[in-house]
Amino acid sequence: MNEQLQRLEAVHVQMHQALEVKRRFLSIMSHELRTPLNGIVGSMAGLREEADPRENLALRAALEDSTVNLTRLIEGVLSLAEGDTDDLPISLAELDLRTAIGDVLDRMREVCGRTNLEFECTFADTVQQRLLCDATGVVMIVDRLLENAAKFTPSGKVCCHFDFEDGSIVASVRDTGIGIAARDHERIFGLFTQLEDASTRTYGRAGLGLALVDRRTKAVGGSVEVTSALGQGSTFTVRLPAVIVPKSQQAERRPAPRSSHVLVVDDNRVNRMVVSRMLKRLGLSVDEAENGRIAVELAAKRAYAAIFMDCEMPVMNGWDATTTIRDQLGDDVPIIAITAYVTDGDRARCEEAGMCDFLSKPVSPTQVQRTLERWTGWSAGPENGPAPMKPDTTVN
């Protein structure tokens, strides 16, 4: 009888803890989702009413910031939904580190510029070569570490350095921010953790970033270390396993035959309009298709520089369309996935279908431009069309 009561009490405690976790999760998510949504709705209302150009610029900046924050929150929650560390689907891919994290570094420069922080990024000579690794995870980890550094640095500097040693990518992110007490060095990697002293409460947010870094790092057999003290800034060092790809085995990046025509395939009219506008700003002519069958027909009639392909569509999906185009035309035309599917399993499915690159929605003009340059050699300029939407940035 006593054993049964103890088991029932244990079950009751577990249920209570589970309900408390659920309550806390819903409370945090409600707050974190509504905050950027409020910025989006309020900024859009202001843009409809405001005529002053300076106010319009401020509202547009607020709209962009709120949209980015909402996107990052959703990405974080979806990453958590992939399962425990042991269940994470990890897909290895070739990586050019400088190119892969280019968008992350550009975004961090913008963030630091707005908050008057110095930003510095350096690469050791050892990262010149292409590497085989958890490419998706590397980009996510660098992104989250830099975001965390900027978030807790009210003034001063954020620095990052990249090296390759002993079979691992070594990424180090250092800041001059508020620092972390030694007793909290382990706690900060917990899910939804925000340290409860008055200074850290000032900075808010859901507490997903470092938990995602720790989870992904452990999933690939890597490590993450923190060196920090209150008031003295922090340094996070991550080691991620990687293998140098011999030049003879590196995936070939062949520019397609020079053409000014690009095909955008998506069943959503707004998505077609957004991506088409980005490409037209680069001086390209754009054809559109609302499903895979139309895309196959158009690809048979015109030689495209590249095809940007959605995956989930009626009539014929993007995977089947890509396979059909490959059967008919071979590998001459780069087919790039632009999809709302974001997991490593989704990426692998696109590769199996014959797609050569993968962009997850929402996409930025810089992502589209860099992807196009990588696969076709196309770059906007006086001879091709308008200048790039964002200047290319040289990394020290």
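In the block above lies the structure referred to throughout.
Quick caveat, the model's predicted, so the values are computed rather than measured.

A. How the structure looks around the packing of aromatic side chains. By the definition in use, this model includes three aromatic pairs. Measuring from ring centre to ring centre gives 5.1 Å for Phe123 and Phe162, while their planes differ by 25°; the resulting arrangement is stacked. One end of the pair, Phe123, is in strand E2 (residues 118–123); the other, Phe162, is in strand E4 (residues 157–165), and 39 residues separate them in sequence. Residue Phe123 shares its accessibility class with Phe162, and that shared class is buried. Ring geometry for Phe189 versus Phe236: centroids 6.3 Å apart, planes at 85°, classification edge-to-face. One end of the pair, Phe189, is in the loop between strand E5 (168–175) and helix H6 (198–201); the other, Phe236, is in strand E7 (residues 234–241), with 47 residues separating them in the sequence. Of the two residues, Phe189 and Phe236, neither departs from the other in class, the shared state being buried. A cation over an aromatic ring shows up here: Arg349 above the ring of Trp319, its NZ or CZ 3.4 Å from the ring centre.

B. Broad picture of unusual backbone geometry. Lys361 connects to Pro362 through a cis peptide bond whose omega is 0°. Mapped onto the secondary structure, Pro362 falls in the loop between strand E13 (357–360) and helix H12 (365–376). Even without a glycine there, the phi angle at Asp166 is positive, about 50°. Within the fold, Asp166 resides in the loop between E4 and E5. A positive phi angle is found at Val315, which is not glycine, with a value near 70°.

C. Helix H8 (residues 269–281), seen in detail. The end-to-end C-alpha separation of H8 is 18 Å, in line with the 18 Å expected for 13 residues at 1.5 Å each. Those residues of H8 that fall on the buried side of the exposure criterion are Arg272, Val275, Ser276, Met278 and Leu279. One side of H8 holds all its buried residues, which, seen down the axis, span an arc of 155°. Set apart from the buried face of H8 by more than 90 degrees, the exposed residues are Arg269 and Arg277. Where H8 is buried, its residues contact strand E9 (261–265), strand E10 (285–289), strand E11 (306–309), strand E12 (335–339) and H12. Where H8 begins, the side chain of Asn268 points an oxygen toward the backbone nitrogen of Val270, at a separation of 3.0 Å. Positive backbone phi, at 90°, marks Gly283, one or two positions downstream of H8.

Parameters at a glance
Residues numbered from 1 in each chain as written. Predicted model: local features only at pLDDT ≥ 70, side-chain atom pairs only at ≥ 80, totals over all residues. Heavy atoms only, no water. Phe/Tyr/Trp six-rings, centres within 6.5 Å; stacked < 30°, edge-to-face > 60°. Helix = DSSP H or I, 4+ residues; strand = E, 2+ residues; numbered from the N terminus. Buried < 20%, exposed > 50% of the residue type's maximum accessible area, 1.4 Å probe, protein only. Lys NZ or Arg CZ within 6 Å of the ring centre and 35° of its normal. Expected span 1.5 Å × (residues − 1). Arc of directions from axis to C-beta. Contact = heavy atoms within 4.5 Å. Polar contact = N/O pair within 3.5 Å; in protein donor to acceptor, adjacent residues only side chain to side chain.

Remember that the coordinates give geometry; whether it matters functionally is a separate question.
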